[in-house]
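One letter stands for each residue in the lines below.
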Amino acid sequence: MTRIGFVGAGRMGRPMVRRLVAAGHEVRVQGRSADSRAGLAGLAREGAQVVAGLAEVAAGAAAVLVCVSTDDQVRQVCLDSGLPAAMPGGAVLVVHTTGSPDTVQAVAARGTDVVDAPVSGGPPDVAAGRVTLFVGGADDAVARIRPVLRGYGDPVLHVGPLGAGQRVKLVNNAVFAAQIGLLSHAARLGRQWGLDETVLLDALTHGSAASRALEGVVRRGSVAEFARATEEFLGKDLHVVQQVAGELGGDLGALSAAIDALSAAGAPAGTG
């Protein structure tokens, strides 16, 4: 049994905790307030330990996993709160949140073994144990944490040193967004040619144009509906893409125009 600390048991984090508990790990989950601890009662019934403070999360843990919503929240948890200092020597801090590579580098500068492992997929993929993890970090740290990550991740892809996981995830989401943007152009062309959008998109899933983005669009019924459904998480990550591109250099090229098309595709009718 491995003791694991977990911060951020929300939409993605809860199925991660369930998989870890089912795999036989001792999992301590932070619930910062009485209300949040009450909301985690279901996880407690399934075997997780719900605790109030980060020090309790970190105590005796071989790994602490952070799955909060934003890069700013990662900084609050991992830098402002002093979480790394509360972790035992040799423990690994895993950041699942998509954000700037500079953030995980800043956390590692505190003397902690850090692995960035942003996620590609959704809660059903986590629950099924098949969510993709893009992992960046030193070989030894990744080797130590891999058995834990395999509790819900498949594949677990070690893509390079610390920060590489974030870079790969940001490129991944830029391409995904660009594909949705291109599909909006394809649907517009189909309408100009007198094709029903739903029929066209379903037909494309059987051809060489097939992609995960197209599958998602078809499930939602239209490009516009899928763009609106993904706006919250994808918009956040695309903001990070643009920010990191500005900080680290790199030209988005044709991706930029396709991403702009995604924004237009998700705009409510009548907004242009």
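In what follows, the structure referred to is the one given above.
In this report, we go over the structure that sits alongside the text. Residue positions are given per chain, counted from 1 along the sequence in the order it is written. Totals for whole chains, interfaces and linings use all residues, but because this is a predicted model, local features are given only for residues with pLDDT of at least 70 and pairs of side-chain atoms are given and counted only at 80 or more. By convention in this description, side-chain values take in all heavy atoms of the structure and omit both hydrogens and water.

1. A closer look at the overall build of the chain
The helix and strand labels rest on DSSP assignments: H or I over at least four residues marks a helix, E over at least two residues marks a strand, and numbering proceeds from the N terminus. The helix and strand inventory of the chain stands at 14 helices and nine strands. For a compact globule of 272 residues, the expected C-alpha radius of gyration is about 19 Å, and the chain comes in at 20 Å, within 12% of that figure. Its C-alpha atoms put the chain at 65 × 40 × 35 Å along the principal axes. Of all 272 residues assigned to the chain, the portion counted as buried reaches 47%. Working rule for contacts: check all heavy atoms of both residues, and any pair within 4.5 Å makes them a contact. Taking the intrachain contacts of the chain between residues at least 6 apart in sequence as the baseline, contacts between residues at least 24 apart amount to 61%. Summing over all exposed atoms, the chain offers an accessible surface of approximately 12,600 Å²; the carbon and sulfur share of this is 52%. Of note, the chain has its 24 positive side-chain charges centred 6 Å away from the centre of its 25 negative side-chain charges. Computation of the radius of gyration draws on C-alpha atoms, with the globule rule given as 2.2 Å multiplied by the number of residues to the power 0.38. Only protein chains enter the calculation, and the probe is 1.4 Å; a residue is then buried if its accessible area is under 20% of its type maximum, exposed if over 50%, and partly exposed in between. All accessibility values rest on the Shrake-Rupley procedure with a 1.4 Å probe; residue burial counts only the protein chains present in the view. Only four residue types enter the charge count, namely Lys and Arg as positive and Asp and Glu as negative; His and the chain termini do not. Note that the charge is assigned to NZ on lysines, CZ on arginines, CG on aspartates and CD on glutamates.

2. Comments concerning the nonpolar core
To qualify as a nonpolar core, a set must consist of buried Ala, Val, Leu, Ile, Met, Phe, Trp, Tyr and Cys residues joined through side-chain atoms within 4.5 Å. Core analysis: the biggest nonpolar cluster contains 32 residues, and Phe6, Val17, Leu65, Val115, Ile145 and Tyr152 have the highest contact counts within it. Listing elements by their share of this core, those giving two or more residues are β1 (3-7), α1 (13-22), β2 (26-30), β4 (63-66), β5 (92-95), β8 (131-136) and α9 (139-149). For this core, the leading source of residues is α9, giving five residues. Contacts of Ile145, omitting those with residues within four sequence positions, involve Ala63, Leu65, Val92, Val94 and Val115.

3. What about the pairing of β1?
Of all five residues in β1, four are buried; the element is thus mostly enclosed. Looking down the strands as they point away from you, a crossover is right-handed if its path from the first strand over the helix to the second goes clockwise. Taking the sense of rotation as the criterion, the β-α-β connection linking β1, α1 and β2 turns out right-handed. In this sheet, β4 lies alongside β1 in parallel orientation, the contact comprising four bridges. Within β4, the residue paired with Gly5 across the bridge is Val64. Strand pairing follows a simple DSSP-based rule, namely that at least 2 bridges must link the two strands.

4. Quick notes on the packing of aromatic side chains
Two aromatic rings, drawn from Phe, Tyr or Trp (for Trp, its six-membered ring), form a pair once their centres lie within 6.5 Å of each other, and the interplanar angle then sorts them: stacked below 30 degrees, edge-to-face above 60, tilted otherwise. If you walk through the whole model with that rule in mind, you get one aromatic pair. Centroid distance Phe176 to Phe226: 6.1 Å. Interplanar angle 80°. Geometry classified as edge-to-face. With Phe176 in helix α10 (residues 164-192) and Phe226 in helix α13 (residues 223-248), the pair connects residues that are 50 residues apart, well separated along the chain.

5. Some points on the environment of Ala106
Within the secondary structure, Ala106 sits in helix α7 (residues 101-108). The class for Ala106 is partly exposed, based on a relative accessible area of 26%.

6. Some details on the environment of Ala59
For Ala59, the position within the fold is in the loop between α4 (54-58) and β4. Residue classification places Ala59 among the partly exposed positions, given a relative accessible area of 29%. Residues Ala59 and Pro88 lie 29 residues apart in sequence; the distance between their C-alpha atoms is 7.1 Å. In contact with Ala59, not counting residues within four places along its chain, are Arg3 and Arg28.

7. A word on helix α5 (residues 71-80)
Side chains of residues three or four places apart in an α-helix project in the same direction, reflecting 3.6 residues per turn. Among all positions of α5, only Asp71, Val74, Val77, Cys78 and Leu79 are buried. Mapping the buried residues of α5 onto a view down its axis gives an arc of 165°, with all of them on the same face. Turned more than 90 degrees away from the buried face of α5, the exposed residues are Asp72 and Asp80. Turning to α5, the residues buried within the fold contact β1, α4, β4, α6 (83-86), β5 and α7. Two residues or fewer past α5, Gly82 is found with a positive phi of approximately 80°. In this description, the arc belongs to the directions extending from the helix axis to the C-beta atoms.

8. Some points on the side chain of Asp116
Along the chain, Asp116 turns up in strand β6 (residues 113-116). In this structure, Asp116 is buried with no salt-bridge partner, the nearest side chain bearing the opposite charge being Arg167 at 6.7 Å. Within 3.5 Å is the distance limit for a polar contact, defined as a pair of N or O atoms, with the added protein rule that one can donate a hydrogen and the other accept it, and that residues adjacent in sequence qualify only through two side-chain atoms. Of the polar contacts made by the side chain of Asp116, one reaches the backbone nitrogen of Gly165; its length is 3.0 Å. Setting aside anything within four residues of it in sequence, one finds Asp116 in contact with Val95, Val104, Phe134, Val135, Gly136, Gly137, Pro161, Leu162, Gly163, Ala164, Gly165 and Gln166. Any Lys or Arg side-chain nitrogen found within 4 Å of a carboxyl oxygen on Asp or Glu counts as a salt bridge.

What is shown is where atoms sit, not what they do.
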